[in-house]
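Here is what each chain is made of, one letter per residue.
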Amino acid sequence: MTPTIGTTVRYSSGSSVTDFRCVKLTIEKERYTPYFTLKGEWYPGTRSTPPISEITSVMVFLNGQISFYGYPTGTKTVMKNGRAHLSVSAVGYTSFLLKTNMQDGMLYDVNLTTLANTGPAFTGVGYEEKTPTVNYVNYYSGTSQWNAIVAYSLRATGIYPYIHSFNTVRVSPHDPRKTLELDGSVIISQSFETDYSKVLSGSFMRDVDGTEYAASAMNTKFANPRSITRLEIRPFDNEWIMDPQAGAEHRINYSMRKANAKSYSFLGYEQLEILDSFKTSAGDSGEIDRVKYEIIPGKGAVTTIWSYQDGYCPYSLKSAE
């Protein structure tokens, strides 16, 4: 099934245009990337011609549901023979969390809402409500808003945070989570890939007095069987002042991100979220950690899903042993 595509493009003048005919569209979401990405091409519809002007935001609806809302990283509008052609690449507004730094200092009795309120309000960005409260968190030396959320989430819920819906930050799994059932007749390809380039075999952190190995974590379960030896010794990290050992373990787990990944591509469009799950008619199953939609109206759609096995995926997998 090819979804219906609605597009709203806003210009610096304050005007917006919705009368577009999509030529092709790619939207991607991923477990460790705190924003969605979009690439697409459009022709104008029958009622208007888009201006040759600065574009400030893009919103895309698939089957009437908002699937992307963000700002352009690259746009081009070409008018030729009286007809405009628009190409856009864009990222979701949650990407600003990576570019905004926290103020140095200690915060007490913190949940996700109070943490979000310490920084600026971002256009279109929402946060999971009623999250657990931790007694304190500490940030310093340019910690990004996103890394602050990561440290809070690991302490509060034990999972790596992710982007839900189109611009909502979550620190716990959404409910209900969908299970995609894949029949072999729609699967057009499957793969398995590995990436050991970042995997640490051991992480050591000095304490506040500079004592080496004050906190340590060894990746015996994953690195040792694969003959990976990559050790790091880090200075004391104020971000983990509440639990240096948890900081060392996080370094191990994060180093394994996407170390093993299986994927399936199938015909059609299926609305999916990170941390949904899948099962195939052949008996395979797993957590969905990356989704890519490739849509060409009039020709069809291909959805590709990836399932990771690493330090934080599936979400219930605890820290490295």
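Predicted, not measured: the structure shown is a model, and the values here were computed from it. (Residues numbered from 1 in each chain as written. Predicted model: local features only at pLDDT ≥ 70, side-chain atom pairs only at ≥ 80, totals over all residues. Heavy atoms only, no water.)

A. Representation of the overall build of the chain within the structure. Regarding its fold elements, the chain presents four helices and 22 strands. Against the 2.2 N^0.38 benchmark of 20 Å for 321 residues, the chain shows a C-alpha radius of gyration of 22 Å, consistent with a compact globule. With respect to the three principal axes, the spread of C-alpha positions in the chain is 70 × 50 × 35 Å. The proportion of buried residues among the 321 residues of the chain is 46%. Accessible surface computed for the chain: about 14,900 Å², of which carbon and sulfur atoms make up 47%. Charge centroids of the chain, computed over 31 positive and 31 negative side chains, lie 8 Å from each other. (Helix = DSSP H or I, 4+ residues; strand = E, 2+ residues; numbered from the N terminus. Rg over C-alpha atoms; globule rule 2.2 N^0.38 Å. Buried < 20%, exposed > 50% of the residue type's maximum accessible area, 1.4 Å probe, protein only. Areas by Shrake-Rupley, 256 points an atom, 1.4 Å probe, with all protein chains shown as cover. Lys, Arg positive; Asp, Glu negative; His and termini not counted. Charge placed at Lys NZ, Arg CZ, Asp CG, Glu CD.)

B. Quick peek at empty space enclosed by the protein. Tallied over the entire structure, the rule returns one cavity of 30 Å³ or more. Space inside the largest cavity adds up to approximately 40 Å³. Residue lining of the largest cavity: Lys-29, Gln-65, Ile-66, Ser-67, Ser-165, Tyr-269, Gln-271, Glu-273 and Tyr-293, and that is the complete set. Looking at the lining of the largest cavity, the element that brings in the most residues is strand β6 (residues 65-80), giving three residues. For the lining of the largest cavity, the residue count by class is three nonpolar, four polar and two charged. (1 Å grid on protein atoms, 1.4 Å probe; cavity = no way out; pocket = protein on both sides within 12 Å on 5 of 7 lines; lining within 4 Å. Points joined across faces, edges and corners; volume = space filled by probe spheres on them. Nonpolar A, V, L, I, M, F, W, Y, C, P; charged D, E, K, R; others polar.)

C. View of the nonpolar core. Counting 66 residues, the largest nonpolar core has Leu-25, Leu-38, Trp-42, Val-60, Tyr-127, Ile-149 and Ile-305 as its most contacted members. A per-element tally of this core places helix α3 (residues 145-156) first, with seven residues. When sequence neighbours within four positions are dropped, the list of residues in contact with Leu-38 reads Leu-25, Thr-26, Ile-27, Val-60, Phe-68, Val-88, Ser-89 and Ala-90. Val-199, Ala-215, Phe-222 and Met-256 belong to the second largest nonpolar core, which has 12 residues in total. (Core = buried A, V, L, I, M, F, W, Y, C linked by side-chain atoms within 4.5 Å. Contact = heavy atoms within 4.5 Å.)

D. Representation of α3 in the model. With 12 residues, α3 ought to run about 16 Å at 1.5 Å a step, and its terminal C-alpha atoms sit 16 Å apart, in line with that. Listing the buried residues of α3 in full gives Gln-145, Trp-146, Ala-148, Ile-149, Val-150, Ala-151, Tyr-152, Ser-153 and Leu-154. Remark: Gly-158 follows α3 within two positions and exhibits a positive phi of approximately 85°. (Expected span 1.5 Å × (residues − 1).)

E. Structural view of the pattern of salt bridges. The final tally for this structure, using the stated rule, is 11 salt bridges. The shortest N-O distance in the salt bridge between Glu-28 and Arg-290 comes to 2.5 Å. You can see Glu-28 sitting in strand β3 (residues 20-30) and its partner Arg-290 sitting in strand β21 (residues 290-296), a full 262 residues away along the chain. Judged by its relative accessible area of 21%, Arg-290 falls in the partly exposed class. Ionic pairing is found between Glu-181 and Lys-279, a salt bridge with its closest N-O pair at 3.8 Å. Of this pair, Glu-181 sits in strand β13 (residues 179-182) while Lys-279 sits in strand β19 (residues 277-280), placing them 98 residues apart in sequence. (Salt bridge = Lys/Arg side-chain N within 4 Å of Asp/Glu carboxyl O.)

F. Molecular detail of the sheet that holds strand β16 (residues 215-218). Read from one edge to the other, the open sheet built from three strands follows the order β16-β15-β17, with strand pairing classed as mixed. Looking at which strands have only one partner, the edges of the open sheet turn out to be β16 and β17 (231-234). Neighbour-to-neighbour, the strand axes of the sheet open up by a mean angle of 10°, direction not taken into account. In the sheet, strand β15 (residues 202-205) pairs with β17 via four bridges, with the strands oriented parallel. Its bridge partner lying in β17, Phe-204 is registered against Ile-233. Along the sheet, helix α4 (residues 244-255) contacts β15, β16 and β17; its crossing angle with β16, the most-contacted strand, is approximately 30°. (Pairing = 2+ DSSP bridges. Axes fitted to C-alpha atoms, helices over the stretch in contact; angles between N-to-C directions.)

G. The sheet that holds strand β20 (residues 285-287), seen in detail. With respect to topology, three strands assemble into an open sheet ordered β13-β19-β20, the strand pairing being mixed. What marks the edges here is a single partner per strand, and that holds for β13 and β20. Neighbour-to-neighbour, the strand axes of the sheet open up by a mean angle of 20°, direction not taken into account.

H. Inspection of a nonpolar patch on the surface at higher detail. A cluster of nonpolar residues, Met-106, Tyr-108 and Ile-241, forms a patch on the protein surface that exposes about 290 Å² of accessible area. Structurally, Met-106 can be placed in strand β8 (residues 105-110). (Patch = residues over 30% accessible without salt bridge, like charges linked within 9 Å, V, L, I, M, F, W, Y side chains within 5 Å.)

I. Structural detail: the environment of Ala-214. Relative to the elements of secondary structure, Ala-214 occurs in the loop between β15 and β16. For the pair Ala-214 and Gln-103, spaced 111 residues apart in the sequence, the C-alpha separation amounts to 27 Å. Residue contacts for Ala-214: discarding those within four places in its chain leaves Met-205, Arg-206 and Asp-207.

J. Structural detail: the environment of Gln-103. On the secondary structure map, Gln-103 appears in the loop between α1 (96-99) and β8. On the basis of relative accessibility, which here comes to 70%, the residue Gln-103 falls in the exposed class. Taking the C-alpha atoms as reference points, Gln-103 and Asn-138, 35 residues apart in sequence, are found 9.7 Å from one another.

Treat this as a map of the structure, not an account of what it does.
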